[in-house]
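# A look at the structure
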Amino acid sequence: MFEGIMIGLSSAFSLTNLMMVIGGCLIGTFIGMLPGLGPMSIISIMIPVAITIGDPSAALILLAGVYYGAIFGGSTSSILINAPGVASTVATSFDGYPLARQGKAGKALTVAAISSFCGGSIGAVLLMIFAPALATVALLFHSAEYFALMVVGLSAIAAFAGTGQVVKALLMTLLGLIMATVGEGALFNMPRFTMGIMDLQSGFGFITLAMAMFALPEALYLVLDPSRSKTEGGSNEIKDLRITRDEARAIAPVIGRQSIQGFLIGVLPGAGATIASFLGYAVERNIAPKEEQEQFGKGSVKGLAAPESANNAACTGSFVPLLTLGIPGSGTTAILLGALIALNVSPGPRLMIDEPQIFWAVIISMYVGNLVLLVLNLPLIPYIAKVLAVPRNYLIPFILFFTLMGAYIGQNNATELLILVGLGICATLLRFADYPLAPLLIGFILGSMLEDNFARAMQLYDGMGFLLDRPMTLALLVLAALLVLLPSYRARRARLRQVGVSDGD
Amino acid sequence: MTFTLTRRALMAAATATLALGTPALAEDSKLDSIHFLIPGGAGGGWDGTARGTGEALTKAGLVGTASFENMSGGGGGKAIGYLIENADSNHGTLMVNSTPIVIRSLTGVFPHNFRDLTMVAGTIGDYATFVVGKDSPINSMADLIAAYKTDPRGTAIGGGSVPGGMDHLVAAMVMKAAGENPTQVKYIPYDAGGMAMAALLSGEIAALSTGFSEAVDLANAGEVKIIGVTSDQRVPAYADAMTMKEQGIDTTFVNWRGFFAAPGLPEERKAAYQAAIAKMYDTPEWEEVRARNGWVNIHNSGDDFEKFLEGQEEAIKSLMQELGFL
């Protein structure tokens, strides 16, 4: 293995490959900032370029750089304009956007950059050491466990149910789950709930829904309420990237835990960065002390660091099944697999033995890529954050433009725009009534995976037998129940105690 | 939007000029442009086929320029509807499609079928296969059928399509030809090839019904064993794999991809498209695109294409009726 690492090092640090990493990261970051162009589309665009390069390690390094850059760039639009372009950065906007609203955009971007860097780097180290061993662990998960894992992912909604809104949060989750059933599911060959509208046959698009729930209501709110447009802090603070010593101390353990947890979730094919980010958020909120828990969703640096380190570590983790088993764990890695095959590289257990220079060069350039991203982005943050200092009569059209473009660009389907505006207005009304919108999106994202895996497990076991037959499923479900119930139980006990005090007994 | 309209208008104008100005379009004259209509989003199989074909045609100098338009919606039905409704202005358009157009017309996902379009040519295809994990005790179709006979409920077959979709139909077709009742076969759908592969390797399913080119990549990587191919003869790309026919299972299946044009397309225009596509196969530019994507050349032009589609529709229809999907 040591020999392999040396070959990889010399290959990764060749001038061409360094240029590839830097170029890939730059392209990824800037295109990734536009909502609607996630890592998957950017990588598809770059594949012909990568194939013309010819050298498989250089091509893969370029694509890996683009992948990281895109994820990194995606969190920028989540934080600045509440427009998560990729499912895995939805959780980033939960606390990132409130921070930006408080005038701490610079700080939020810095926290995100550092968490991403640590998540990606720790992930790369774990990948280097444990890749072959983890490949077998990934195969322990059957449909039943994936179903249970999605349930655990759903428990992230508890974070929004904390402030006496349990019923509202559950209702919104249900609504999200219902919306996920629209269209042709993976299990039936007939369209469901499309009301005869052809454009609904493939279901609601993620980007459309994310923009309708987050970005569009935000823009409408800015129009309706002029006082909101002013960020609460001074404009100097927007550019201020400094993280205080206390904050650094608070986020360090979060990053450590979530990098490892995120990586492990990323290793599972099909779970990926989205689940990792939601779970990371839920877990960190649950184990935080009570007073910090209140801060989650209102601009907690911990709440920002958790999903950012988790989703980057998970992206690295998703290379484990790709490189060792040849199984793509996500849409993005499926495209990467296609590129590998086009370059005459067969991923799988033999890759490490047959072509160690490719295997190790990729892993080492992941590390280099993370470093490059950090170095490139830290100096740019003050300029990127300045977006928010733009006067609101320019900012609103800007947000609206990117929101609408994001929904249109992936599918070239103008009906998406109508759906987006319709849903966006509904979402704004719901926000007026104080319903949290994030649970809806979580329900929607997890809904189809939840249903598919549940139905598969039911089919394989001819019923609910898998609950008893597979102890890991049961354990995960119990964990999910605890994650949801514990906070409300704690809140209830605290309330009872308060009542008791005021009664004077 | 304006851009597209203008471009389309220009193209229609160009087409009209061609049709009016040179009624006797010479056989070997070069096509000025082709507009490819892709019924799905960027990055899918249809997208790759259209863009790859366009690239080969233009680079080889058979067509002047190629433009591409993604029109997703309705599982491909939106683009078909568009092409039929705007047939007169779309003589310069070729729409890519594949086996699902046959299946989805049958299930009524969209109201049209391939007969409503001008069938230009089937260009590439992929056979279907059954694969098992490398450590599986199953080594041939006979082993799989034996395992199925001992434990029908525990021997599930997975695939990357919905029940009633292509992978399921192939699984049912093969099991039926092997003398089993296709409605009893436990088919487990996965939404992507990767998930289905993971399920195969983790032992959740006993065998996987999947495309040949995908299976070859995995077999070369040492992950799976191919136990049966739905081709007539062994495929040179992986000659170790036995066909279904060799093992006494008399069934063949090709998942084709090809091109359609608007209904009422002038004959000479159709002939020009078919000539360009036929010439494309001999160019190194096409060979490069084909090899890069692992496609198999299966060329079916004009009437052959129509006959092939009708045969496939018939086979799929009776199978779906038997399975209770129609």
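Rules used throughout
- Residues numbered from 1 in each chain as written.
- Chains lettered and ligands numbered in written order.
- Predicted model: local features only at pLDDT ≥ 70, side-chain atom pairs only at ≥ 80, totals over all residues.
- Helix = DSSP H or I, 4+ residues; strand = E, 2+ residues; numbered from the N terminus.
- Rg over C-alpha atoms; globule rule 2.2 N^0.38 Å.
- Buried ≥ 20, exposed ≤ 12 C-beta atoms within 10 Å, placed from the backbone.
- Pairing = 2+ DSSP bridges.
- Expected span 1.5 Å × (residues − 1).
- Arc of directions from axis to C-beta.
- Core = buried A, V, L, I, M, F, W, Y, C linked by C-beta atoms within 7 Å.
- Contact = placed C-beta atoms within 7 Å.
- Axes fitted to C-alpha atoms, helices over the stretch in contact; angles between N-to-C directions.
- Parallel < 35°, antiparallel > 145°, perpendicular 65-115°, else oblique.
- Nonpolar A, V, L, I, M, F, W, Y, C, P; charged D, E, K, R; others polar.
- Left-handed = near helix turned anticlockwise from the far one by under 90°.
- pLDDT = per-residue confidence, 0-100.

### Brief notes about the overall build of chain A
Along the backbone of chain A there are 24 helices and 0 strands. In summary, chain A has a C-alpha radius of gyration of 22 Å against a globular reference of 23 Å for 505 residues, a match within 12%. The principal-axis extents of the C-alpha atoms in chain A amount to approximately 75 × 60 × 55 Å.

### Let's talk about the pairing of strand β9 (residues 254-261) of chain B
Residues and elements named next belong to chain B. Of all 8 residues in β9, 8 are buried; the element is thus mostly enclosed. Residues Val254, Trp256, Gly258 and Phe260 point to one face of β9 and Asn255, Arg257, Phe259 and Ala261 to the other, with burial holding for every one of them. With 8 bridges connecting them, strand β4 (residues 118-133) and β9 associate as antiparallel partners. Bridged to Thr118 within β9 is Ala261.

### Examining the pairing of strand β7 (residues 207-211) of chain B
Residues and elements named next belong to chain B. Taking burial as the measure, the 5 residues of β7 include 5 buried ones, the bulk of the element. Across 4 bridges, the pairing between β4 and β7 is antiparallel. Looking at β7, one finds that Val131 is bridged to Leu208.

### Examining helix α9 (residues 166-180) of chain A
Residues and elements named next belong to chain A. Between its first and last C-alpha atoms α9 spans 21 Å; for 15 residues at 1.5 Å apiece the expected length is 21 Å, and the two agree. Among all positions in α9, only Ala169, Met172, Thr173, Gly176, Leu177 and Ala180 are buried. One face of α9 carries all of its buried residues, which in axial projection span an arc of 145°.

### Quick notes on unusual backbone geometry
Residue and element names in this part refer to chain A. Positive phi values are uncommon outside glycine, yet Asn82 reaches one of about 60°. Relative to the assigned elements, Asn82 resides in the loop between α4 (56-81) and α5 (90-101). Judged by the 27 C-beta atoms lying within 10 Å of it, Asn82 falls in the buried class.

### Let's talk about the nonpolar core
In terms of nonpolar packing, the biggest core is built from 255 residues, with Ile43, Leu63, Met211 and Leu441 of chain A together with Val131 and Ala207 of chain B touching the most fellow members. The contacts of Val131 of chain B, once residues within four sequence positions are left out, are Ala207, Leu208, Thr210, Ala215, Leu218, Val224, Lys225, Ile226 and Ile227 of chain B.

### Here we look at the packing of helix α6 (residues 105-138) of chain A against helix α19 (residues 356-385) of chain A
Residue and element names in this part refer to chain A. At a minimum axis separation of 9 Å, α6 and α19 run at an interaxial angle of 180°. Looking at the two axes, α6 sits roughly antiparallel to α19. Only Ile363, Met366, Tyr367, Asn370, Leu373, Leu374, Asn377, Leu378, Ile381, Pro382, Ile384 and Ala385 of α19 make contact with α6, whose side of the interface consists of Ala105, Gly106, Leu109, Thr110, Ala113, Phe117, Gly120, Ser121, Ala124, Leu127 and Met128. Of the residues assigned to the contact of α6 with α19, the class counts are 17 nonpolar, 6 polar and no charged.

### Let's talk about the interface of chain B and chain A
Counting residues at the interface gives 41 residues for chain B, matched by 46 residues for chain A. Only β2 (63-70), α3 (77-85), β6 (187-189), α7 (193-201) and α8 (212-220) of chain B provide two or more residues apiece to the side of chain B that touches chain A. Element by element, the count of residues in the side of chain B that touches chain A is highest for α7 of chain B, at 5 residues.

### Some details on the packing of helix α10 (residues 206-224) of chain A against helix α20 (residues 392-409) of chain A
All names here are of chain A. With their axes 10 Å apart at the nearest point, α10 and α20 run at an angle of 165° to one another. As far as their axial angle goes, α20 and α10 are roughly antiparallel. Relative to α20, α10 is oriented so that their crossing is left-handed. Along the contact surface, α10 presents Ile207, Thr208, Met211, Ala215, Leu216, Glu218, Ala219, Leu222 and Val223, while α20 presents Arg392, Ile396, Ile399, Leu400, Thr403, Gly406 and Ala407. Class assignment of the residues belonging to the contact of α10 with α20 gives a composition of 11 nonpolar, 3 polar and 2 charged.

### Description of the environment of Ser75 of chain A
All names here are of chain A. Locating Ser75 in the fold gives a position in helix α4. On the basis of neighbour counts, which here come to 32 C-beta atoms within 10 Å, the residue Ser75 falls in the buried class. Distance from Ser75 to Gly176, taken between C-alpha atoms, is 22 Å for residues 101 residues apart in sequence. Contacts of Ser75, omitting those with residues within four sequence positions, involve Thr89, Thr92, Gly96, Ala112 and Glu308.

### Describing the confidence of the model for chain B
Residues and elements named next belong to chain B. Residues at a pLDDT of 70 or more form 90% of chain B, whose mean pLDDT is 85. Element-level mean pLDDT values for chain B span from 44 in helix α1 (residues 2-21) up to 95 in helix α5 (residues 141-150). In this model residues 1-28 is a low-confidence stretch, pLDDT under 50, and it forms 16 contacts with partners more than four residues away in sequence or in other chains. Overall fold confidence (pTM) sits at 0.79, and the ipTM for the predicted complex is 0.76.

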